[in-house]
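# Summary of the model geometry
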Amino acid sequence: MGHRSAIASHRSLARPHTAMSSSGVSSSSNQAKAESPDISINHIDEYVELLYEDLGERIRGSAMILQVARNPDNLEELEKNEACLSALSRVLREDWRKSLDLSTNIIYIFFCFSTYTKFHPVIVQYKIGSLCMDVIDYELRRYESMRNEIDVRKNPLGSTPLSAKASKEKLNNSSDDFLDLMNEERPKEMEPPRRRIPELKQRPKSGNWSSFHSSMSSSLIKSQILNSSYHEALSSNGTQTPDSGMSSSGDMKATSNEALDRNDPKVKKEEIDRLNKQLKLFAKKQEQLLRVAFYLLLNMAENVKLEEKMRRKNIVKMLVKALDRQNIDLLMLITTFLKKLSIVGDNKDDMSDLNIVAKLPRLFQSGHSDLVQVTLKLVFNLSFDGSIRKKMIAAGYLPMLVMFINDEKHHGIAVKILYHMSLDDKVKALFTHTECVQMATDAIILNLNSKVDLDLIALCINLSLNRRNAQIMVEGNRLHSLMDRAFKYQDGLLMKLLRNLSQHESLQPLFIDYVGDLARILTICDDESFIVECLGILGNLSLADLDYSQILQNFQLIPWIRNVLLPGTKMDDLVLDTIVYLGTCAHDELCALLFCRAQVVLSLIELLKAKQEDDEIVLQIIFVFQQILRHESTREYMIKETESPAYLIDLMHDKNSEIRKVCDYCLDIIAISNNEWAKRIKLEKFRNHNSQWLCMVESQQHEDNNEDYNEQEEEEHDLNTYLRGEYLDNCDLYNSNQTNKENEDNDSNNSNNPASPSNSTYGRPASSFARSQDLDDLYNMSISTKSSQGSSQGDNSFIFKSNKSLDADCLHEEFLMA
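Residues numbered from 1 in each chain as written. Predicted model: local features only at pLDDT ≥ 70, side-chain atom pairs only at ≥ 80, totals over all residues. Heavy atoms only, no water.

Per an unreviewed UniProt entry, the recorded name for the protein chain is Kinesin-associated protein 3, and the organism is Glossina palpalis gambiensis.

Following this line, the structure appears as structure tokens:
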């Protein structure tokens, strides 16, 4: 990625600077600026020397260097000052636990570098990104531990939650050695009698300090010791020293310990309120550190490899945990970071496992427009996953998202998310409990542009598949408005919506008034996609009140239909919907007669030959045949004047189950109506069944012939286990030397066949019906009947096509081959 433009970089840099300064991000930096208005890059060596002094001086020195780094013109010179950067990275690595101000200032300095891609190697060189993640992880765990311990104070009778214990343990393990002093055992001495003592404003001269730790949580004590600048800025308005800050905290704790009467709910409530206020002030300062650290990592995540390293160090978990904060700027940054990470599948799965779905509704209700917009974009990225969509529905996202439809700023992204949710059939029904259907439909009707918003129309198309949603869409004369708009602009997507509405049987009568307009548009419109949807509506309207033959004749649709059915002239969707429409019309006997006389059936047969690989077109064509065969007036024409029965026999055993089902129905009608075709159909069914059985036996025989007979000399008179049972009971074995004898005496076949494979050659059985009269009947029928629709295949397959006639020799050769 190249160097950013100066304007873009300046904007990216200026946003956090302004917000942080106004929120008191670095009171020390503001103080330094006030004390030393002449801060300049020329005095950088003096500022670096302060980093080697005590804590207060290190904070002041880092604040001055920050003022220098905030000027983009100084970054190149700072990059070359290796002593400065090394000192900053060392102080941050060693002292970041001691002061929030110090950590914030130094990370802020490197953040200024991160706003330019050319300076990213500096951050990588000093491993600031990894250190930032350590800081973030520690601060989040410390805050969580404080909250858990305050919760324990609210419920002293309850046990400490496991999460609080674990957080405390991790915090103690990662803290410096001097923090262990706070965990020393308390002196075992008598506590003074419990009495209510007014809280003092100044530190008492004497008191019982043995119970010092009992009045405050250990995490709050640590935070006050570690963050002296916190009291400097917030408790003492930045005028006290770190020591005075600790002293004031000691005063509060001592007086609180003396004033706390555990039996007095009022005092207990006041104490808890005070602790909550302290935690809130601490969190406010801590959130500035988190914000600048997350922002630095977000800038560095432009590099895919660095982003992957962050993922391995659980950056997603940290971001999701920080979503509980209240700072709007921090939440916007976190949500933006999550949105960027969510496009990676592993990150998305991590977010789902961390139950991010439960944390986002709070952001929707924040009232901050920019935060809501970023949150919606994050939800949109997550909504591509079906399992996450289910969690969103369970969490009540649907009503919240519907509210954003009428919001001009959030309308577009909200409709996209709702579209994703409408993909699930079970969720479509939930839209009926909201105002989404009415609002979306009205938005389409009231749109002044010629084209409707694609996301909105797509949402309505999905919702219209639900019957109740479809009923809502047509209420209030909306169907008329939708039809007018569709015809006015010849909008194919809007007509697709109307086509979905026409699928519902209860709504089909409403479309009768528009049948003439739909039929007329077919011959005058040049937009094939629009015509496809019009045909789809006409194909759905299977109504007894419609005179289909009159429609075909009045609008001269027969020539147009025959032209569409010519192979290769129109797109397949138009051809398919035309055939569907023919199937609907053929239900009417007059239309069926019209199709026969106008040679539409012959056109369908030619199309069937050309499109035999397209299952959907083949299925719809044979459905038209079924509709025509149902009428007595057209059945004779179909059987005797067309080749449709032969093609139906060909498709009788198609791999598509729906095609087989329709073919069986059509062949049953033909067999009932014509005895000659009945015998032919019976023979073809028999041949197909027998050929499959013979192929199975032949495959078994081929495996037997490949065996090593030299190893089976002792068992040469034994038949294969498979042949001992079903094979011998149902089949005849033929020996090449005894064929004539078997033909003369069929009753003694089994006794004349040698059992030893070494002395005989196996032949294929005639059929499983060899000892019945069925074979003789079929044989005699084949001699007396000649048809151009017979079928044959090679000598070994026994699968026949319907383009070869049958004769006695062929039948004898194929059924009795040895």
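Moving on, we come to the overall build of the protein chain. Helix and strand counts for the protein chain stand at 47 helices and zero strands. Per-residue burial over the protein chain gives 50% buried out of 818 residues. Taking as baseline every contact in the protein chain between residues at least 6 positions apart, the subset at least 24 positions apart corresponds to 72%. Carbon and sulfur atoms make up 48% of the accessible area of the protein chain, which totals about 40100 Å². (Helix = DSSP H or I, 4+ residues; strand = E, 2+ residues; numbered from the N terminus. Buried < 20%, exposed > 50% of the residue type's maximum accessible area, 1.4 Å probe, protein only. Contact = heavy atoms within 4.5 Å. Areas by Shrake-Rupley, 256 points an atom, 1.4 Å probe, with all protein chains shown as cover.)

So, on to helix H7 (residues 100–114). Counting along an α-helix, one turn takes 3.6 residues, and residues three or four places apart therefore face a common direction. With 15 residues, H7 extends 20 Å between its outermost C-alpha atoms, agreeing within 8% with the 21 Å of an ideal straight helix rising 1.5 Å per residue. In terms of residue burial, H7 counts as a mostly covered element, since 15 of its 15 residues are buried. Near the N-terminus of H7, the side chain that reaches the backbone nitrogen of Asp101, with its oxygen 3.2 Å away, is that of Ser99. (Expected span 1.5 Å × (residues − 1). Polar contact = N/O pair within 3.5 Å; in protein donor to acceptor, adjacent residues only side chain to side chain.)

Here we come to the confidence of the model for the protein chain. Looking at the protein chain, pLDDT values average 75 and 67% of them are 70 or higher. For the protein chain, helix H47 (residues 808–815) is the element with the lowest average pLDDT, namely 34, and helix H27 (residues 454–463) is the one with the highest, namely 96. Contacts of residues 1–35 to residues separated by more than four positions or lying in other chains number 70 contacts, the stretch itself having pLDDT below 50. Contacts for the low-pLDDT stretch residues 159–165, under 50 throughout, to residues beyond four places or in other chains number five contacts. (pLDDT = per-residue confidence, 0-100.)

Further remarks concern unusual backbone geometry. Even without glycine at this site, Gln556 takes up a positive phi of about 50°. With respect to the helices and strands, the residue Gln556 is situated in the loop between helix H33 (548–554) and helix H34 (557–564). For Gln599, which is not glycine, the phi dihedral falls at a positive 60°. Along the chain, the position of Gln599 falls in the loop between helix H36 (589–597) and helix H37 (600–610).

What follows concerns a negative patch on the surface. On the surface, Asp45, Glu46, Glu49, Glu53 and Asp54 cluster together to form a negatively charged patch. Along the polypeptide, Glu49 turns up in helix H3 (residues 44–50). Residue classification places Glu49 among the exposed residues on the basis of a relative accessible area of 53%. (Patch = residues over 30% accessible without salt bridge, like charges linked within 9 Å, V, L, I, M, F, W, Y side chains within 5 Å. Salt bridge = Lys/Arg side-chain N within 4 Å of Asp/Glu carboxyl O. Lys, Arg positive; Asp, Glu negative; His and termini not counted. Charge placed at Lys NZ, Arg CZ, Asp CG, Glu CD.)

Should the charged atoms of two oppositely charged side chains come close, the side chains can pair. Here the structure, examined in full by the defined rule, presents 36 salt bridges. Two residues, Lys348 and Asp385, come together in a salt bridge whose shortest N-O distance is 2.8 Å. Of the two residues, Lys348 sits in helix H19 (residues 345–353) while Asp385 sits in the loop between helix H21 (369–382) and helix H22 (386–394), which places them 37 residues apart along the sequence. Judged by its relative accessible area of 17%, Lys348 falls in the buried class. Salt-bridge contacts for Asp517 lead to Arg520; the nearest nitrogen and oxygen are separated by 3.0 Å. In this pair, Asp517 and Arg520 are both assigned in helix H31 (residues 515–524), three residues apart and thus about one turn of the helix distant. Taken together, the shared-partner salt bridges connect Glu308, Arg311, Arg312 and Asp350 into one network.

A few words now on the packing of aromatic side chains. The geometry of an aromatic ring pair is captured by the separation of the ring centres together with the interplanar angle, meaning the angle of the planes. If you walk through the whole model with that rule in mind, you get 10 aromatic pairs. Consider the rings of Tyr116 and Phe119, whose centres lie 6.0 Å apart with planes at 75°: the pair is edge-to-face. Of the two residues, Tyr116 and Phe119, neither departs from the other in class, the shared state being buried. Grouped by ring-pair contacts, the aromatic residues Phe110, Phe113, Tyr116 and Phe119 constitute a single cluster. Here the basic side chain of Arg97 rests over the ring of Tyr138, its NZ or CZ set 5.7 Å away from the ring centre. Positioned above the aromatic ring of Tyr143 is the side chain of Arg325, whose terminal nitrogen or guanidinium carbon lies 3.7 Å from the ring centre. (Phe/Tyr/Trp six-rings, centres within 6.5 Å; stacked < 30°, edge-to-face > 60°. Lys NZ or Arg CZ within 6 Å of the ring centre and 35° of its normal.)

At a minimum axis distance of 9 Å, the contact between helix H26 (residues 436–445) and helix H28 (residues 467–474) shows a crossing angle of 45°. In terms of their interaxial angle, H26 and H28 are classed as oblique. Crossing hand, H26 versus H28: right-handed. On H28, the residues that touch Val437, Gln438 and Thr441 of H26 are Asn469, Ile472 and Met473. (Axes fitted to C-alpha atoms, helices over the stretch in contact; angles between N-to-C directions. Parallel < 35°, antiparallel > 145°, perpendicular 65-115°, else oblique. Left-handed = near helix turned anticlockwise from the far one by under 90°.)

Looking now at the packing of helix H9 (residues 128–154) against helix H17 (residues 315–322). Taken N-terminus to C-terminus, the directions of H9 and H17 make an angle of 40°; their axes are 11 Å apart at the nearest point. Taken together, H9 and H17 sit at an angle that is classed as oblique. When you trace H9 past H17, the crossing you get is left-handed. Where H9 abuts H17, its residues Met133, Ile136, Asp137, Leu140, Arg141 and Glu144 lie against Ile315, Met318, Lys321 and Ala322. Among the residues forming the contact of H9 with H17, the class breakdown is six nonpolar, no polar and four charged. (Nonpolar A, V, L, I, M, F, W, Y, C, P; charged D, E, K, R; others polar.)

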